[in-house]
Amino acid sequence: MRTSLAGLTLASPVLVASGCGGTGPELAAFGPLSAYGTFTTRSITLDPRPGAAGPRLAESPSGLVHATGLPNPGIDGFLATELPWLVQSGAKVVVSVVGRSLGELAELARRLGRTPGVAAVEINLATPDPVSNGVLELREPQHLGGAVAAVARELPRGVPVLAKLRADPVRVVESARIVAEAGAGAVVVGGALPAALPDGRPAGLSGPAIAPLALRCVREVALALREADTEVDVVGCGGVHTGGDVRAFLDAGAVAVAVGSALFHDPTTAARLAAELTDIPADTAGGTPADHLGGEER
Amino acid sequence: MKAHVRAEVLASKRIGAYQHLTLVAPGVGERFRPGSFAAVSVGPAGERARLARRPFWIHQVRPLGGYAATVQLVVEPRGEGSRWLASRQRGDRVEMTGPLGRPFALPKEPVPVLLVGEGVSAAPLFPLAERLRERDCPVSLVLGADDEAHLLSALEARRTARAITVVTHDGSVGARGRIPDVVAEALRRSDAAVVYAAGRAATLAAVAQAAEDHGAWSQVAVEEPSDQPWACCTGLCQGCALPVVGEHGAPREVRACLDGPVLRGDRVRWADL
Ligand SMILES: Cc1cc2nc3c(=O)[nH]c(=O)nc-3n(C[C@H](O)[C@H](O)[C@H](O)COP(=O)(O)OP(=O)(O)OC[C@H]3O[C@@H](n4cnc5c(N)ncnc54)[C@H](O)[C@@H]3O)c2cc1C
Ligand SMILES: Cc1cc2nc3c(=O)[nH]c(=O)nc-3n(C[C@H](O)[C@H](O)[C@H](O)COP(=O)(O)O)c2cc1C
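Since we're looking at a predicted model, the values are computed, not measured.

**Examining the UniProt feature "domain: FAD-binding FR-type" (unreviewed entry) in chain B**
Piece 1. The UniProt record annotates "domain: FAD-binding FR-type" (unreviewed entry) at residues 2–106 of chain B.
Piece 2. Helix and strand shares over residues 2–106 of chain B are 7% and 48% respectively, and the end C-alpha atoms of the span are 21 Å apart.

Written out as structure tokens, the structure reads:
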């Protein structure tokens, strides 16, 4: 089932969340990447990063606590060794970026905006541990707007900016309004929640444990953006595992959902959820994606 | 392609300290090569209470009960996940993915080889011994464990190995001691050109060093990092970072589940684990 996101036409409203689909081939071992609305890369930085030392993960009830330290080959390595494969695979590629400064973000956007095959750029404004990851700490919603504007300015028409926000119920609505004004084509709500590993190091919490919180944030953001009469779309992200979860996010006003850590548990999750929606012929579809999540779960 | 399936338990048998599970897992057994593993979900299919998957070596692949390629796992009940898996009964369903990881590389020539396995980690060496035997490689085997109950059956290996050394910590069977005490001698006697090892990190480090001293290649099947989950086991989550020596001697991290779990012993930075 097709959907539209920030002016892009997507094959499905089911997306692969940043950092949860590997570099591409790992997920493609279980089915073609073209089946997903987008394949969003892990967050790419200007310089290569080896990732964090020590235990990177811990399990928590219905959740996963993680501090991977953004391992990535840097923009040059990514463009040379990972992007070509992704484009070839037929995936709709969204490149997630994160930086130490607005200047770095702008530089990343400049490089990506010139590269064919990049459908959109997602700014990761939701890093749960910016300080230990050495990325720009954006405490105030106004700072988020500055980051979005810095990236949007560098991208050609037709390559939208997606702003990924923390599912922080206190600030997410204000943040969404500000990034919308700054030129975001869509907001992704949300990233991993700030948490700690058992040894106390800062980390993110993902998984079904955070779904109810993400849902609350998605609903409030969707309402606020509608009231503000913007064209900015909302992507729901956080703990999506089942068709019921997809329906809940779409009902809350999201045009698409991103599947993250569920892929770790079952790498076919997103493909299955996408297929549930694809079974409805596009021309008879109409209505919102939520109307078409049928099956016994309905 | 790798398969993600709801496998059915066909048989479960207790041998010593371990539970041997035979599963019907379409697509997993067919593509198996020694050294590859399966990732198991803990809990009823569809339940998402425990997100991290548990990796288990594929021990044997055999035709059984009308199925062409059933998969056998050897489970040592330790924590919650392995206990749950070990208590599955015939007919139960288990969500699993496989075969995963980089398997053992086989020598092109029929050279003598030494296989060294410790405790339950020795599981992938048994099908490897069969493959090596088929290639006319003379196979010697060192099996070690804490005690007899934790020793994977040496009887099974009698058919494939020409020499077997058994060593237990408490001396309940074989010589009393640890694998590192006997491996140099086993290398000398077998004159192995390749050593294949599976076990705890400290054991693998000692075996890799002994192989290097002897002038042999080593291939080690690692279960590191072992102080945290390998959450996805499929290369997606970047969790199982393993310190290695890259090309030109530069230190780097690889994903143990994808670039391993079998690696060259001289490539692993054992001191940094
Ligand atoms: C490649 C590979 C192959 C393996 N093959 C086998 C096999 O064939 N047979 C077998 O019995 N076992 C095998 N294991 C071990 C097995 O996967 C489990 O780790 C083991 O059974 C313990 O899991 P559990 O759920 O019972 O324990 P739990 O204690 O419930 O483990 C919970 C999770 O935390 C992880 N963990 C372990 N220690 C720590 C720690 N100190 N701190 C934080 N987290 C920790 C575990 O890996 C697991 O993911 C293998 C491991 C690897 C990496
Ligand atoms: C191991 C791991 C790595 C992640 N890496 C990134 C990343 O690089 N960039 C990013 O924006 N989000 C990253 N995320 C966050 C996810 O994209 C997602 O927003 C979050 O996990 C919540 O969704 P989920 O509950 O479906 O996993 C990561 C999540 C996990 C679990």
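Anyway, onward from the coordinates.
**A short note on the domain arrangement of chain B**
All names here are of chain B.
Piece 1. According to the domain assignment, chain B contains domain 1 (3–100) and domain 2 (113–272).
Piece 2. With centres defined by C-alpha atoms, the gap from domain 1 to domain 2 works out at 22 Å.
Piece 3. On the domain 2 side, the residues contacting the 24 residues of domain 1 number 26 residues.
Piece 4. Between domain 1 and domain 2, the buried area comes to about 2,000 Å², and carbon and sulfur atoms account for 65% of it.
Piece 5. Our enumeration of links across domain 1 and domain 2 arrives at one salt bridge.
Piece 6. Residue Glu130 is joined to Arg62 by a salt bridge in which the shortest nitrogen-to-oxygen separation is 3.1 Å.
Piece 7. For the side of domain 1 that touches domain 2, the secondary structure elements donating two or more residues are β2 (18–24), β3 (37–40), β4 (54–57), β5 (60–64) and β7 (93–100).
Piece 8. Class assignment for the residues of the side of domain 1 that touches domain 2 results in 13 nonpolar, six polar and five charged.

**Regarding the site of ligand 1**
All names here are of chain B.
Piece 1. What surrounds ligand 1 is a group of 20 residues, the closest being Arg54, Pro55, Val74, Glu76 and Ser82.
Piece 2. Burial of ligand 1 by the protein amounts to 76% of the accessible area it has alone, namely 930 Å².
Piece 3. The cavity where ligand 1 resides is the largest pocket.
Piece 4. Elements supplying a minimum of two residues to the shell around ligand 1: β4, β6 (67–75) and α1 (80–86).
Piece 5. It is β4 that provides the largest number of residues to the shell around ligand 1, a total of four residues.

**A closer look at the sheet that holds strand β11 (residues 193–196) of chain A**
All names here are of chain A.
Piece 1. Spatially, the four strands line up as an open sheet ordered β5-β6-β12-β11, and their pairing is antiparallel. Strand pairing shows two members of the sheet lacking a second neighbour, β5 (57–60) and β11, which therefore form its edges. In this sheet, adjacent strand axes meet at a mean angle of 35° when their direction is disregarded.

**Details of the pattern of salt bridges**
Piece 1. Applying the stated criterion across every chain yields a total of 25 salt bridges over all chains.
Piece 2. One salt bridge connects Arg50 of chain B with Glu59 of chain A, and the closest N-O pair in it is separated by 2.7 Å. One end of the pair, Arg50 of chain B, is in the loop between β3 and β4; the other, Glu59 of chain A, is in strand β5, on a second chain.
Piece 3. The class for Glu59 of chain A is partly exposed, based on a relative accessible area of 23%.
Piece 4. A salt bridge links Asp266 of chain A to Arg272 of chain A; the shortest N-O distance between them is 2.9 Å.
Piece 5. One connected set of salt bridges, linked through shared partners, spans Glu59 of chain A together with Arg50, Arg54 and Glu80 of chain B.

Rules behind the numbers
Here the residue numbers are simple positions, counted from 1 along each chain's written sequence. For naming, the first written chain is A and the first written ligand is 1, with later ones following in the order written. Whole-chain, interface and lining totals are the exception, using all residues; otherwise, since this is a predicted model, local features are given only for residues with pLDDT of at least 70 and side-chain atom pairs are given and counted only at 80 or more. Hydrogens and waters are ignored; side-chain quantities use all the structure's heavy atoms. UniProt positions are given in the numbering used here, feature names are shortened, and annotations may be inferred rather than shown by experiment. Helical segments are the DSSP runs of H or I of at least four residues, strand segments are the runs of E of at least two, and each set is numbered from the N terminus. Reported domain spans reflect what an automatic or database domain assignment gives. Any two residues having at least one pair of non-hydrogen atoms within 4.5 Å are treated as being in contact. Accessible area that two parts lose when put together, evaluated with a 1.4 Å probe and summed over both, is termed the buried area. By definition here, a salt bridge exists when the distance from a side-chain nitrogen of Lys or Arg to a carboxyl oxygen of Asp or Glu is within 4 Å. Three classes are used, and their members are as follows: Ala, Val, Leu, Ile, Met, Phe, Trp, Tyr, Cys and Pro are nonpolar, Asp, Glu, Lys and Arg are charged, and the others, Gly among them, are polar. Any residue with at least one heavy atom within 4 Å of a molecule or strand is counted as near it. Each accessible area is a Shrake-Rupley estimate made with a 1.4 Å probe; only the visible protein chains count as cover when residues are assessed. Note on definitions: the grid is 1 Å and covers protein atoms alone; a cavity is a set of points where a 1.4 Å probe fits but cannot get out; a pocket is an open set with protein on both sides within 12 Å along at least five of seven lines; lining residues have an atom within 4 Å of a point. Any molecule with more than half of its atoms within 2 Å of a cavity's or pocket's grid points is regarded as sitting in that cavity or pocket. In this analysis, strands are considered paired if DSSP registers two or more bridges between them. In this analysis, axes come from line fits to C-alpha atoms, helices being fitted only over the stretch in contact, and the angle between any two N-to-C directions falls in the range 0 to 180 degrees. The buried label goes to any residue with under 20% of its type's maximum accessible area, the exposed label to any with over 50%, and the partly exposed label to all in between, with areas taken from a 1.4 Å probe on protein chains only.

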